[in-house]
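# Descriptive analysis of the structure
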Amino acid sequence: QGLIRHTKAAIRIAVELMNNEALQNFNQNEKDLIIFSLMIHDGLKSGKIKSQYTAFDHPIQIANFVKENEQELELTKDEIEFVCRCVRTHMGPWTTDYRGNEILQSPKDKYQRFVHMCDYLASRKYLSIKFDNNDNIVIMFSHLIFSIVFYYFKRSTIKFIIRYIRIKYYFR
């Protein structure tokens, strides 16, 4: 439940920031790919085989998962690489595991930094985003969330998300 809310909050933050042209200058395809990256960024947070703990390398695992399933997407190689770069670096400066080993990469480009910023802001407890009992953001109606998803994504990406969710729950 917490992960679903976190992901929805990160996407909501991204949409709000993307709607303000003074804050960003992404084209529509870049916006689509950023939103998709945020949708899946913590998809394997507990690892490919579910663990009770967060897999520190989950950004690498989800990037690999996307690459392994790229034939299911109607995305170009460049778009696949864009998504993988964004999810691989979404942890920002937190790149070392508890033993001090450098495991992850930090964001380098504006897209990676944007995904990290949305993820980071969505995790801040002092930023209050209200949810209803169905884990929908209160200021949005659930049918509007569905409309936003279809507006932002290609139909093939929607199919990938559905397949991804099925696979994710299979590994639980």
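Notes on the structure follow. Here the structure is a predicted model, which means the values were calculated and not measured.

### What about the overall build of the chain?
- Within the chain, the regular secondary structure consists of seven helices and zero strands.
- Within the chain, buried positions represent 45% of all 172 residues.
- Accessible surface, the chain as shown: approximately 10,100 Å² in total, 54% of it carbon and sulfur.

### Concerning the pattern of salt bridges
- Under the defined criterion, the tally for this structure stands at six salt bridges.
- The closest approach of N and O atoms between R12 and E16, which form a salt bridge, is 2.7 Å. With R12 and E16 both in helix α1 (residues 2-18) and four residues apart, the pair spans about one turn of that helix.
- Residue E81 pairs with R88 through a salt bridge whose shortest N-O separation is 3.8 Å.
- Within this structure, K67, E81 and R88 form a network of salt bridges that share partners.

### Re the nonpolar core
- Ranked by internal contacts, the top residues of the largest apolar core, which has 33 residues, are A14, M18, I34, L38, I40, F114 and C118.
- Secondary structure elements with two or more residues in this core: α1, α2 (28-40), α3 (58-68), α4 (77-88) and α5 (110-122).

### Digging into the packing of α1 against α2
- For the pair α1 and α2, the least separation of the axes is 9 Å and the interaxial angle reads 160°. Taken together, the axes of α1 and α2 are roughly antiparallel relative to one another. Crossing handedness for the pair α1 and α2: right-handed. Contacts from T7, A10, I11, A14, V15 and M18 in α1 reach K31, I34, I35, L38 and M39 in α2.

### A word on the state of the cysteines
- Evaluated as defined, the whole model comprises zero disulfides.
- C84 carries a free sulfur, and the closest cysteine sulfur to it, the one in C86, is 9.5 Å from it.
- The buried category is assigned to C84, whose relative accessible area is 0%.

### A look at the packing of aromatic side chains
- One pass over the structure, following the stated rule, counts four aromatic pairs.
- On the basis of an interplanar angle of 80° and a centroid distance of 5.0 Å, the ring pair of F26 and F114 is categorised as edge-to-face. Here F114 lies in helix α5 and F26 lies in the loop between α1 and α2, a separation of 88 residues in the sequence.
- An angle of 10° between the planes, with centres 6.0 Å apart, marks the rings of W94 and Y120 as stacked. On the criterion of sequence distance, the pair formed by W94 in the loop between α4 and α5 and Y120 in helix α5 is long-range, its members being 26 residues apart.

### Thoughts on α5
- Relative to the 18 Å expected for 13 residues at 1.5 Å per residue, α5 spans 18 Å between its end C-alpha atoms, a close match to the ideal helical length.
- Turning to α5, its buried residues are Y111, Q112, F114, V115, H116, C118, D119 and A122.
- Summarising the contacts, the buried residues of α5 are in contact with α1, α2 and α4.
- With a side-chain oxygen positioned 3.0 Å from the backbone nitrogen of Y111, the residue opening α5 is D109.

Thresholds applied
Residues numbered from 1 in each chain as written. Predicted model: local features only at pLDDT ≥ 70, side-chain atom pairs only at ≥ 80, totals over all residues. Heavy atoms only, no water. Helix = DSSP H or I, 4+ residues; strand = E, 2+ residues; numbered from the N terminus. Buried < 20%, exposed > 50% of the residue type's maximum accessible area, 1.4 Å probe, protein only. Areas by Shrake-Rupley, 256 points an atom, 1.4 Å probe, with all protein chains shown as cover. Salt bridge = Lys/Arg side-chain N within 4 Å of Asp/Glu carboxyl O. Core = buried A, V, L, I, M, F, W, Y, C linked by side-chain atoms within 4.5 Å. Axes fitted to C-alpha atoms, helices over the stretch in contact; angles between N-to-C directions. Parallel < 35°, antiparallel > 145°, perpendicular 65-115°, else oblique. Left-handed = near helix turned anticlockwise from the far one by under 90°. Contact = heavy atoms within 4.5 Å. Disulfide = S-S within 2.5 Å. Phe/Tyr/Trp six-rings, centres within 6.5 Å; stacked < 30°, edge-to-face > 60°. Expected span 1.5 Å × (residues − 1). Polar contact = N/O pair within 3.5 Å; in protein donor to acceptor, adjacent residues only side chain to side chain.

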